[in-house]
Amino acid sequence: MSIESGAELQRDQAGRLRHLLTLEGLTRDELQHLLDLAQFYVRVPGELPARDQSLWGRTVANLFFEPSTRTRVSFELAAKRLGADVVNLDMQSSSRVKGETVLDTIYTLQAMLVDVFVMRDAEPGLPAYVSAHVAPHVSVLNAGEAHLSHPTQGLLDVLTIRQRKGEVRNLSVAIVGDIRHSRVARSTSRALLTLGVGELRLVSPASLAPEPGELEGARRHHSLAEGVAGADVVMALRIQRERMADADTVDPETFYREWGVTAENLRGARPDAIVMHPGPMNRGVEITSEVADGAQSAIRQQVTNGVAVRMAVLATIVRNVQERNVEAGRRAG
Ligand code: ASP
């Protein structure tokens, strides 16, 4: 299943977003709308969370076939804060292991009146495949698909950048590390490029660069010093060993020496640059604790924004489906 087919499949006949499978194909206005709504839902630690009833009466099922902490918990909190019922299935020990197909699991949950499936999988194609088979009132949200796509992470990254540094068109953003295996790098880059980022740099060893022809519009750098020079935003990524056939060839100590984001090499970026990381972090490999916990770090703000972005996505998708149902009802009546 190609990324393009995900971009087409995620809309209903009227062109409304019914699923969120990828950020490919979303317009600048659609991204701005989601970011503005997310901003409305942002509350900082110490405040009461934003709540409303946009998902009242709805049921959201989290189906994660790969480990997740931040994304799974934030989807759960987001759905609950919008008034939904939420079920979390541990798919690593679920029916798929017992031989039930994923579609049987989906149909079973659909029969229990689940309205939204939030899915993460190590293989490409599952969210799009499921979205093509669910009932018309049901939506699928991609919570991480292989190395390809992690749309809500892309949105929360851009929201964080916008809050800290203003409009992205004035900014130089450097994404550093294992880009090749990173769905975060792909989705965040897509959002930044659609929003007209000033400059996007993909900074990695040649062996961890994206495939040739991918992410046109970004510049590739194979030197950390060159890649972060004068940057406004530096985002570090971990080595994603689980997606490498030859993981043993990447030695963490060598990687740290050449690609680790340290206070020293951050001095080459702008003095007011921010540092980001999608988590989970490997301290002392792609980033030092000094940087991760330092004044320039926006890493916890990313986590806070993750809940707000997922609230915005859930509220938007469910509203779109409601609109579609009303129109379908009118046509039938
Ligand atoms: N949590 C992010 C993801 O699911 C980043 C990572 O795992 O390194 O892709």
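Here, the structure is the one placed above.
Description of the structure in this document.

## Details of the site of the ligand
Near the ligand the following residues occur: Arg120, His150, Arg183, Val184, Arg238, Gly279 and Pro280. Between the ligand and the protein, one listed contact pairs an oxygen atom with a side-chain N or O atom of arginine 120 at 3.2 Å. Look at the ligand: alone it shows 260 Å² of surface, and the protein chains cover 92% of it. In the shell around the ligand, the residues fall into two nonpolar, two polar and three charged.

## Some thoughts on the sheet that holds strand E6 (residues 199-203)
Within a sheet, each strand pairs with its neighbour through backbone hydrogen bonds, oriented either parallel or antiparallel. Pairing is parallel across the open sheet formed by five strands, whose spatial order is E7-E6-E5-E8-E9. Of all the strands in the sheet, the pair left with one neighbour each is strand E7 (219-221) and strand E9 (274-276). Adjacent strand axes in the sheet meet at a mean angle of 20 degrees, parallel and antiparallel pairs treated alike. With three bridges joining them, strand E8 (residues 233-236) and E9 adopt parallel strand pairing. In the sheet register, valine 234 faces E9, and the bridge partner there is valine 275. On top of the sheet, helix H7 (residues 151-165) reaches strand E5 (172-176), E8 and E9; it is set at about 165 degrees to E9, its chief contact.

## Thoughts on the side chain of serine 189
If you trace the backbone, serine 189 turns up in helix H8 (residues 183-194). Taking relative accessible area as the criterion, serine 189 reaches 0% and is therefore assigned buried. Within the structure, the side chain of serine 189 is placed 2.6 Å from the backbone oxygen of alanine 185, a separation counted as a polar contact. Beyond its immediate chain neighbours, meaning those up to four positions away, serine 189 contacts Ile175, Val184, Leu200, Leu202 and Leu215.

## Things to note about the packing of aromatic side chains
As enumerated under the stated definition, the model contains one aromatic pair in all. Ring centres 5.3 Å apart and planes at 65 degrees place the aromatic pair phenylalanine 40 and tyrosine 41 in the edge-to-face group.

## So, unusual backbone geometry
The omega angle of the peptide bond from glycine 279 to proline 280 is 0 degrees, so this bond is cis rather than trans. Structurally, proline 280 can be placed in the loop between E9 and helix H12 (289-292). The phi dihedral of leucine 113 falls on the positive side, at around 75 degrees, and the residue is not glycine. As for its placement among the helices and strands, leucine 113 is situated in the loop between helix H5 (102-111) and strand E3 (116-121). A positive phi is found at alanine 146, a non-glycine position, where the angle reads about 45 degrees.

## Let's talk about the nonpolar core
Counting 62 residues, the largest nonpolar core has Tyr41, Leu141, Leu155, Val173, Ile175, Leu200 and Leu314 as its most contacted members. Considering each element in turn, this core owes the most residues, ten residues, to helix H13 (residues 299-332). Sequence-distant contacts of tyrosine 41, defined by excluding residues within four places in its chain, comprise Ala50, Asp52, Ser54, Leu82, Ala308, Met311, Ala312 and Ala315. Judged by nonpolar contacts, the second largest core, of 25 residues, contains Leu208, Leu224, Ala231 and Ile239.

## Examining the sheet that holds strand E2 (residues 85-90)
With parallel pairing, the four strands of this open sheet are ordered in space as E2-E1-E3-E4. Each edge of the open sheet is held by one strand with a lone partner, namely E2 and strand E4 (139-145). On average, each strand axis in the sheet is inclined to that of its neighbour by 15 degrees, with strand direction left out of account.

## Let's talk about the environment of arginine 201
For arginine 201, the location among the structural elements is in strand E6. A relative accessible area of 8% places arginine 201 in the buried class. Along the backbone, arginine 201 and isoleucine 175 are 26 residues apart, and their C-alpha atoms lie at a distance of 6.2 Å. In terms of polar contacts, arginine 201 uses its side chain to reach the backbone carbonyl oxygen of glycine 227, at 2.7 Å.

About the criteria used
- Residues numbered from 1 in each chain as written.
- Predicted model: local features only at pLDDT ≥ 70, side-chain atom pairs only at ≥ 80, totals over all residues.
- Heavy atoms only, no water.
- Near = heavy atom within 4 Å.
- Polar contact = N/O pair within 3.5 Å; in protein donor to acceptor, adjacent residues only side chain to side chain.
- Areas by Shrake-Rupley, 256 points an atom, 1.4 Å probe, with all protein chains shown as cover.
- Nonpolar A, V, L, I, M, F, W, Y, C, P; charged D, E, K, R; others polar.
- Pairing = 2+ DSSP bridges.
- Helix = DSSP H or I, 4+ residues; strand = E, 2+ residues; numbered from the N terminus.
- Axes fitted to C-alpha atoms, helices over the stretch in contact; angles between N-to-C directions.
- Contact = heavy atoms within 4.5 Å.
- Buried < 20%, exposed > 50% of the residue type's maximum accessible area, 1.4 Å probe, protein only.
- Phe/Tyr/Trp six-rings, centres within 6.5 Å; stacked < 30°, edge-to-face > 60°.
- Core = buried A, V, L, I, M, F, W, Y, C linked by side-chain atoms within 4.5 Å.

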